[in-house]
Amino acid sequence: MPVLPIDYVEFESDRPSESRAFFAAAFGWRFTEYGPDYLGIEGADLDGGIARAGKPKPPLIIVYADDLDAAEAAVRGAGGEITRGQFDFPGGRRFHFREPGGNELAVWSRPSSAEGS
């Protein structure tokens, strides 16, 4: 069976406008409004959307960043809450956070060449 790439990610949010503001500020994503209850994500190199939901049940989506510290600073600066500080795992380092709409995500980075040698 061929490898199937992730093609679409849908988040649920009880505060879609705050989720939209967060993702725009932290990652530079853009959005298209498809009515009062749905926002299409653009500019994330992966199609996705944000659906209004009373009680979000989010998947864990992992975002890649070349500079993990800068990504963490952007997440904090946009109002994100760090739920698990930076930690090593096979192949890299990551942290988990919650954005204002209630979705938990992670950001990871490969080890720097100095760490990898």
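In this text, all values refer to a predicted model and were calculated from it rather than measured experimentally.

About the criteria used
- Residues numbered from 1 in each chain as written.
- Predicted model: local features only at pLDDT ≥ 70, side-chain atom pairs only at ≥ 80, totals over all residues.
- Heavy atoms only, no water.
- Salt bridge = Lys/Arg side-chain N within 4 Å of Asp/Glu carboxyl O.
- Buried < 20%, exposed > 50% of the residue type's maximum accessible area, 1.4 Å probe, protein only.
- Helix = DSSP H or I, 4+ residues; strand = E, 2+ residues; numbered from the N terminus.
- Pairing = 2+ DSSP bridges.
- Axes fitted to C-alpha atoms, helices over the stretch in contact; angles between N-to-C directions.

## Notes on the pattern of salt bridges
Part 1: Tallied over the full model, the rule gives 8 salt bridges.
Part 2: Residues Asp 14 and Arg 15 are paired through a salt bridge, measuring 3.7 Å at the closest nitrogen-oxygen approach.
Part 3: Residue Arg 93 is joined to Asp 88 by a salt bridge in which the shortest nitrogen-to-oxygen separation is 2.9 Å.
Part 4: Residue classification places Asp 88 among the exposed positions, given a relative accessible area of 59%.
Part 5: Via salt bridges that share partners, Asp 14, Arg 15 and Glu 18 belong to a single interconnected network.

## Observations regarding the pairing of strand E7 (residues 92–98)
For a regular strand, side chains alternate in direction, first toward one face of the sheet and then toward the other.
Part 1: Burial of E7 is extensive: 5 of the 7 residues sit out of reach of the surface.
Part 2: Two elements, E7 and strand E8 (residues 104–109), share 6 bridges in a ladder whose sense is antiparallel. Among the inter-strand pairings, Arg 94 is bridged to a residue of E8, identified as Trp 108.
Part 3: Hairpin connection, E7 to E8: the antiparallel pair is bridged by 5 residues, and Gly 102 has positive phi, about 105 degrees.

## Some thoughts on the sheet that holds E7
Part 1: Judged by pairing direction, the sheet is mixed, and its 4 strands sit side by side in the order E5-E8-E7-E6 without closing on themselves. Every other strand in the sheet has two partners, leaving strand E5 (61–64) and strand E6 (81–89) as the edge strands with one partner each. Here the strands of the sheet are splayed against their neighbours by 25 degrees on average, with no regard to which way each runs.
Part 2: The pairing of E5 with E8 spans 4 bridges and is classified as parallel. Within E8, the residue paired with Ile 61 across the bridge is Leu 105.

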